[in-house]
Amino acid sequence: MQNGVLADSQIEALIQGGAIGATEPILPEQVQPASLDLRLGDRAYRVRASFLPGAGRSVAERLDELTMHEIPLGTGAVLEKGCVYVVPLMERLALPAGMTAAASAKSSTGRLDLMTRVITDQGIEFDRVADGYEGPLFAEICPQSFSVVAQPGQLLTQIIFRQGRTFLDDGELRAVHAQTPIVDGDPVISDGLGFSVDLRPRDGDLVGYRAKRHTGVVDLARVGHYPPADYWEEVRTSDGRIILDPGAFYILMSREAICIPPDCAAEMAPYLAMVGEFRVHYAGFFDPGFGWDGAGGAGSRGVLEVRCHEAPFVLEHGQVVGRLVYERMSQRPRALYGREIKSNYQGQGLKLAKHFKG
């Protein structure tokens, strides 16, 4: 197998060969161009605190120490804002030697400020699966802005599989841009593609949304259901700057239109803390074809999930706030984001999670 991120047909081969198993048959629609969607199991454990098992320890052992109570998800259960839950996932892995995996919250999960991370037995990092790992997978879920209703089988996280060296260095990324532009305008390439925030929209003065502090629950099964005004305040500016409030969560937009060519995948990484008192984005994956003209994605912006930390902070139009780290694919996917598969965010501009109207 060629080094790179595994494509859809290679993931299907892992499923058929038993390297990816599950308590319920894996559905075809779980397989994305470069990732596999993971499903919640049938119960959640409310724990006292977030944790990593650590070397030589299983998640089950740590749950025995930290569980406050067990919640059957059944036809739906409320996971409360500010609480930490661990949910066994339906999928489990038996990776071959030389293969690792990495997990991330799905786009809609991040846009709900629903912190969701995958943990494994003997894990020493969130969202990272060790070379040749064999064992179960668990999701740690901590709703930050809204309490949510969750039920078994829902897709909050996704996982990619890496064979050998996958990341493109800056020289390789410049070569990709020369062949298929990865951004409109001149790229800022340094340990990936830098991107900035758009606070001077072409039309009007709406630049983002700020989560309201006291709202009703969001049922994760409801799509296009909730009025945005019940959960979000509009953020407007006419002078290209906003002041971030400590503890507040914002949905903003990148100034750049981004492209992921068919032979690449990408991961959005938070920018260095030295740039200011805020964090951008739960690390997220971008499938091959996102923003690519050939898959109907021309002009796709990156949506930024921004949380301000201890001090108010002035955010300026064009300020670099994050970077996309590009990876090579092991082979070109059979399906591309936005073309052969249903994709909620292809060609997107400023957009809330799919659960909200409009």
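Before reading further, recall that the structure is shown in the block above.
Summary of the structure given here. (Residues numbered from 1 in each chain as written. Predicted model: local features only at pLDDT ≥ 70, side-chain atom pairs only at ≥ 80, totals over all residues. Heavy atoms only, no water.)

1. Let's talk about the packing of aromatic side chains
Applying the stated criterion across every chain yields a total of eight aromatic pairs. Measuring from centroid to centroid gives 6.2 Å for W232 and F249, while their planes differ by 45°, and the two rings are tilted. Remark: F249 occurs in strand β20 (residues 249-257) and W232 occurs in strand β18 (residues 232-236); sequence separation between them is 17 residues. Assessed through its relative accessible area of 3%, F249 is described here as buried. (Phe/Tyr/Trp six-rings, centres within 6.5 Å; stacked < 30°, edge-to-face > 60°. Helix = DSSP H or I, 4+ residues; strand = E, 2+ residues; numbered from the N terminus. Buried < 20%, exposed > 50% of the residue type's maximum accessible area, 1.4 Å probe, protein only.)

2. Looking at the pattern of salt bridges
Within the structure shown, the criterion is met by 25 salt bridges. Across the pair E267 and R128 runs a salt bridge whose closest N-O atoms are separated by 3.3 Å. With E267 in strand β21 (residues 264-270) and R128 in strand β10 (residues 128-129), this residue pair connects regions lying 139 residues apart in the sequence. Notably, a salt bridge pairs E233 with R210, separated by 2.8 Å at the nearest N-O pair. Here E233 is found in strand β18, whereas its partner R210 is found in strand β16 (residues 206-211), with 23 residues between them in sequence. (Salt bridge = Lys/Arg side-chain N within 4 Å of Asp/Glu carboxyl O.)

3. Points about unusual backbone geometry
Positioned with a positive phi, D113 is a non-glycine residue whose angle comes to about 60°. Here D113 shows up in the loop between α3 (107-111) and β9 (114-120). Taking the relative accessible area as the measure of exposure, D113 reaches 0% and is therefore buried. Here the phi dihedral of D191 falls at roughly 55°; this positive angle occurs in a residue that is not glycine. With respect to the secondary-structure elements, D191 resides in the loop between β14 (188-189) and β15 (193-196). D191 gets classed as exposed once you look at its relative accessible area, which sits at 56%.

4. What to know about helix α1 (residues 8-17)
Among all positions in α1, only D8, Q10, I11 and L14 are buried. End-on view of α1: buried residues confined to an arc of 165°, all on one side of the axis. Within α1, the exposed residues directed more than 90 degrees away from the buried face are Q16 and G17. In the core, the buried residues of α1 are packed alongside β1 (4-5), β2 (20-22), β3 (36-39), β8 (99-105) and β13 (155-163). Trailing α1 by a residue or two, G18 shows a phi angle of about 90°, which is positive. (Arc of directions from axis to C-beta. Contact = heavy atoms within 4.5 Å.)

5. Notes on the environment of P96
Position of P96 relative to the elements: it lies in the loop between β7 (84-94) and β8. The partly exposed category is assigned to P96, whose relative accessible area is 36%. Separated by 37 residues in sequence, P96 and Y133 have C-alpha atoms that sit 7.8 Å apart. Apart from the residues within four sequence positions on either side, P96 is in contact with A19, D131 and G132.

6. Regarding the sheet that holds strand β6 (residues 77-79)
Taken together, three strands build an open sheet; the order of strands is β6-β12-β17 and the sheet is mixed. Across the chains shown, the open sheet's two edge strands, defined by having one partner strand only, are β6 and β17 (218-219). The pairing of strand β12 (residues 148-150) with β17 spans two bridges and is parallel. Looking across to β17, one finds that V148 is bridged to V218. (Pairing = 2+ DSSP bridges.)

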